[in-house]
Amino acid sequence: MAKSVAPPTAPEEPPAVRDMGGVGAAFVGCLLFFLVGFLAFVMVMGIFAGLSDDQPNASPVLQFLLAVVISFSLGLWVARSVASSSKPKLDAEYQAKLAAYNKALPIYNEALAIYNEALAKWQRSYFCHRCGNVFELQSS
C-alpha cells in the first residue's frame, strides 16, 4: 500500500563532463620531476663540495638556487611535452563524453518534465483511510 501512495522517483541526471586538458597530469609530472631532479642535483652538489675543499665561487646559496632553477626548468619542459603528447587522446575522450552528454540531455529533460507533472499530481492527491482510495483535489 505504501508503494501505491509513494511520490514518484526523480530521473537520474546525466553525469557532467569535465575537461581537465591534461593540466592535472602536467602539474603532477612537473612536481615529481622537480622533486626528484632537485634532490638528485643537491646530492651531486653535496658530493662535489665534499670532494673539493677549495671552491672559491661555489656558495651554498648559489648552488641551491641553481638546483631550483634547473630542476624547475626541466620539470616544466617534461610536463609540457607529456601534456602535449596526451592532448589528442584527451580531446577525443572529451568529445566522446560531450556527445554522449548532449544525446542524454534531451531524454533527461523529457523525463524531468514528466516527473514534475507526476509530482504535482502526487502533491494534489490524498489518501482516504476509510475506503483506501487515492483521489486528486480539483481546483475550482
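Before reading on, note that the structure itself is shown above.
This one's a predicted model, so the numbers in the text were calculated from it and none came from an experiment. (Residues numbered from 1 in each chain as written. Predicted model: local features only at pLDDT ≥ 70, side-chain atom pairs only at ≥ 80, totals over all residues. Heavy atoms only, no water.)

(A) Focus on the overall build of the chain. Per the secondary structure count, the chain includes 2 helices and 2 strands. Starting at the N terminus, the α and β elements of the chain follow one another as α-α-β-β. Out of the 140 residues in the chain, the part that is buried amounts to 11%. Within the chain, contacts between residues at least 6 apart in sequence are counted, and of these 74% link residues at least 24 apart. Of the accessible surface of the chain, which amounts to about 11,100 Å², a share of 67% is contributed by carbon and sulfur atoms. (Helix = DSSP H or I, 4+ residues; strand = E, 2+ residues; numbered from the N terminus. Buried < 20%, exposed > 50% of the residue type's maximum accessible area, 1.4 Å probe, protein only. Contact = heavy atoms within 4.5 Å. Areas by Shrake-Rupley, 256 points an atom, 1.4 Å probe, with all protein chains shown as cover.)

(B) Spotlight on the pattern of salt bridges. Across all of its chains, the model carries 1 salt bridge by this definition. Between Glu 136 and Arg 124 there is a salt bridge, and its shortest N-O distance comes to 2.7 Å. Here Glu 136, found in strand β2 (residues 134-136), pairs with Arg 124, found in the loop between α2 (60-123) and β1 (125-127); they are 12 residues apart in sequence, far enough to count as distant. Taking relative accessible area as the criterion, Glu 136 reaches 25% and is therefore assigned partly exposed. (Salt bridge = Lys/Arg side-chain N within 4 Å of Asp/Glu carboxyl O.)

(C) Inspection of the environment of Phe 34 at higher detail. Summarising the element assignment, Phe 34 is placed in helix α1 (residues 23-51). Remark: the alpha-carbon pair of Phe 34 and Leu 76, spanning 42 residues in sequence, is separated by 8.4 Å. When sequence neighbours within four positions are dropped, the list of residues in contact with Phe 34 reads Val 68, Ser 71 and Phe 72.

(D) Examining the environment of Thr 9 more closely. Mapped onto the fold, Thr 9 is located in the segment before α1. Sequence spacing of Thr 9 and Ala 118 is 109 residues, and the spatial spacing of their C-alpha atoms is 9.3 Å.

(E) Examining the state of the cysteines more closely. For the structure shown, the criterion picks out 0 disulfides. Note on Cys 128: no disulfide assigned, nearest cysteine sulfur contributed by Cys 131 at a separation of 3.5 Å. Taking the relative accessible area as the measure of exposure, Cys 128 reaches 22% and is therefore partly exposed. (Disulfide = S-S within 2.5 Å.)

(F) Focus on a nonpolar patch on the surface. On the surface, Phe 33, Leu 66, Ile 70, Leu 74 and Trp 77 cluster together into a nonpolar patch covering about 470 Å² of accessible area. Counting residues per element, the nonpolar patch draws most heavily on α2, which supplies 4 residues. If you trace the backbone, Trp 77 turns up in helix α2. Owing to a relative accessible area of 60%, Trp 77 belongs among the exposed residues under this scheme. (Patch = residues over 30% accessible without salt bridge, like charges linked within 9 Å, V, L, I, M, F, W, Y side chains within 5 Å.)

Interpretation in functional terms is not warranted from these geometric data alone.
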